[in-house]
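# Residue-level structure breakdown
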Amino acid sequence: MKLHTHIDQLHNQVSVPVRPRRIISVVPSQTELLFHLGLEEEVVGITKFCVHPEEWFRNKTRVGGTKTLDLDKIRALQPDLIIANKEENQQEQITALQMEFPVWISDIHTLDEALQMIRRIGEITGCAKQGQALCLQIQEQFKGLHEALPVTGLHTAYFIWRNPWMVAGGDTFIHHMLAACGLKNVLADTPRYPDVTLEELKALFKDVPPEQQLILLSSEPYPFKEQHIAEIQAVLPGAQIRLVDGEMFSWYGSRLLEAPGYFRELLEGIKA
């Protein structure tokens, strides 16, 4: 079998068949990307969180959760390529899989890195033209987004979890999507996803006029609902608080085609 060596986003060398025929994706947004690239027959395994597309979720073999992979199920599928992610998967499990199979790992914090991932996965799966075309479409959608938005410059906190409250810091893909929307992340100087109390949140907005305060409550990984708005509104009574589609802010595959339109619609409902 002819192999080709690719470099993943952690700078690992990964030797993969020139056209892999048995692919497992353990990252939901990258599973959706593989569907967009037309790899219906090649993808043989996905996680229980790979909910898009629905027909794959219903019919493809599920190999556990993103951080709780069933290694025996993966071995039984005999993949010739596994597509993983540094943040979304558990390092010990991925290291074990690397001993047996080609594992290509993404590491994404910015839109540019997401586009790089899309191009590289296109190349590694024999879909280079489709990957490049998708990147050009996404770049076109994002071009001029900032200037076209109805409001910009709002000071924003983006919540991903409750008990404890957790928000997106400055070295996350979510942060870069907020910036693309012209929003100022109040946790920009904090790495990863820090815990924050509501009193600490209040302090972060201490010098920000109420009309410039924006709180976004994500639909994933914690499914925020209307009742959670009141908890934060009690601490920041003047802030605008919105429930948002977490996939639009954190999925870095083909979902990026839809994100700019969603951002425009979201901000049209927010007062300047």
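Above this note sits the structure.
A brief look at the structure comes next. If you're wondering where the values come from, they're calculated on a predicted model, not measured in any experiment.

What follows is about the packing of aromatic side chains. The full count for this structure, using the stated rule, is 10 aromatic pairs. The interplanar angle of 90° and the centroid separation of 5.5 Å between the aromatic rings of F35 and W56 together place this pair among those described as edge-to-face. Of this pair, F35 sits in helix α1 (residues 28-36) while W56 sits in helix α2 (residues 54-59), and the two are 21 residues apart along the sequence. You can call F35 partly exposed: its relative accessible area is 34%. Accessibility expressed as a relative area gives 1% for W56, which makes it buried. Their ring planes at 10° and their centres at 6.2 Å tell us that W165 and F224 sit as a pair that is stacked. Residue W165 is located in the loop between β8 (155-161) and β9 (166-167), and its partner F224 is located in the loop between β11 (213-218) and α10 (226-233); the two are separated by 59 residues in the primary sequence.

The subject of this paragraph is the layout of surface pockets. In this structure, the largest pocket encloses a volume near 890 Å³. Listing elements by their share of the lining of the largest pocket, those giving two or more residues are α1, β8, α8 (173-180) and α11 (246-250). Looking at the lining of the largest pocket element by element, the count peaks at three residues for β8. Each residue belonging to the lining of the largest pocket can be placed in one class, and the counts come to 14 nonpolar, nine polar and 10 charged. Size it by volume and the second largest pocket reaches roughly 170 Å³. In terms of lining residues, the second largest pocket is bounded by L10, N85, K86, N89, Q90, Q91, I94, T95, Q98 and I105. At four residues, helix α4 (residues 91-98) tops the list of elements feeding residues into the lining of the second largest pocket.

Glancing now at the pairing of strand β4 (residues 43-46). Looking at chain direction, strand β3 (residues 23-25) and β4 are connected through two bridges and run parallel. Along β4, the bridge assignment pairs I24 with G45. Where the polypeptide runs from β3 across α1 and back to β4, its parallel neighbour, the crossover connection is right-handed. Here two bridges tie β4 to strand β5 (residues 61-62), and the two strands are oriented parallel to one another. From the neighbouring strand, I46 faces β5, where its bridge partner is R62. Where the polypeptide runs from β4 across α2 and back to β5, its parallel neighbour, the crossover connection is right-handed.

On to the environment of A114. As for its position among the elements, A114 is in helix α5 (residues 111-124). Among the residues examined, A114 registers a relative accessible area of 0% and is labelled buried. Separated by 138 residues in sequence, A114 and Y252 have C-alpha atoms that sit 5.6 Å apart. Excluding residues that lie within four positions of it along the chain, A114 makes contacts with I108, F173, Y252 and L256.

Turning next to α5. For an α-helix, 3.6 residues make a turn, and residues three or four places apart therefore share a direction. In a regular helix each residue adds 1.5 Å, so 14 residues correspond to 20 Å; α5 covers 20 Å between its end C-alpha atoms and thus fits that length. Of the residues making up α5, those classed as buried are L111, A114, L115, M117, I118, I121, G122 and I124. Two residues or fewer past α5, G126 is found with a positive phi of approximately 80°.

Of note, E199 is situated in helix α9 (residues 198-204). Along the backbone, E199 and L236 are 37 residues apart, and their C-alpha atoms lie at a distance of 9.6 Å.

Criteria and cut-off values
For every chain, the first residue of its written sequence is number 1, and the numbers climb from 1 along that sequence. Note on the predicted model: pLDDT of at least 70 is required for a residue's local features to be given, and 80 or more for side-chain atom pairs to be given and counted; whole-chain, interface and lining totals, by contrast, use all residues. The basis for every side-chain value is the complete set of heavy atoms in the structure, and neither hydrogens nor water enter the calculation. Working definition: a ring pair exists when centres of Phe, Tyr or Trp rings (six-membered ring for Trp) sit within 6.5 Å. Plane angles under 30 degrees give stacked, over 60 give edge-to-face, the rest tilted. Helix and strand definitions here come from DSSP, where helices need a minimum of 4 consecutive H or I residues and strands a minimum of 2 consecutive E residues; each element is numbered from the N-terminal end. Relative accessibility decides the category of a residue: with a 1.4 Å probe and only protein chains considered, values under 20% of the type maximum give buried, values over 50% give exposed, and everything between is partly exposed. Definitions used for this entry: grid spacing 1 Å over protein atoms alone; cavity, a set of points where a 1.4 Å probe fits but cannot get out; pocket, an open set with protein on both sides within 12 Å along at least 5 of 7 lines; lining residue, one with an atom within 4 Å of a point. Grid points are joined across faces, edges and corners, and a volume is the space filled by probe spheres set on the points. Gly is put with the polar residues, along with every residue not named as nonpolar or charged; the nonpolar set is Ala, Val, Leu, Ile, Met, Phe, Trp, Tyr, Cys and Pro, and the charged set is Asp, Glu, Lys and Arg. Pairing between two strands is assigned when DSSP locates at least 2 bridges connecting them. By convention a crossover is right-handed if, when the strands point away from the viewer, the path from the first strand over the helix to the second runs clockwise. Pairs of residues are marked as contacts when any of their non-hydrogen atoms sit within 4.5 Å. In a helix, the anticipated span is given by 1.5 Å times the number of residues less one.

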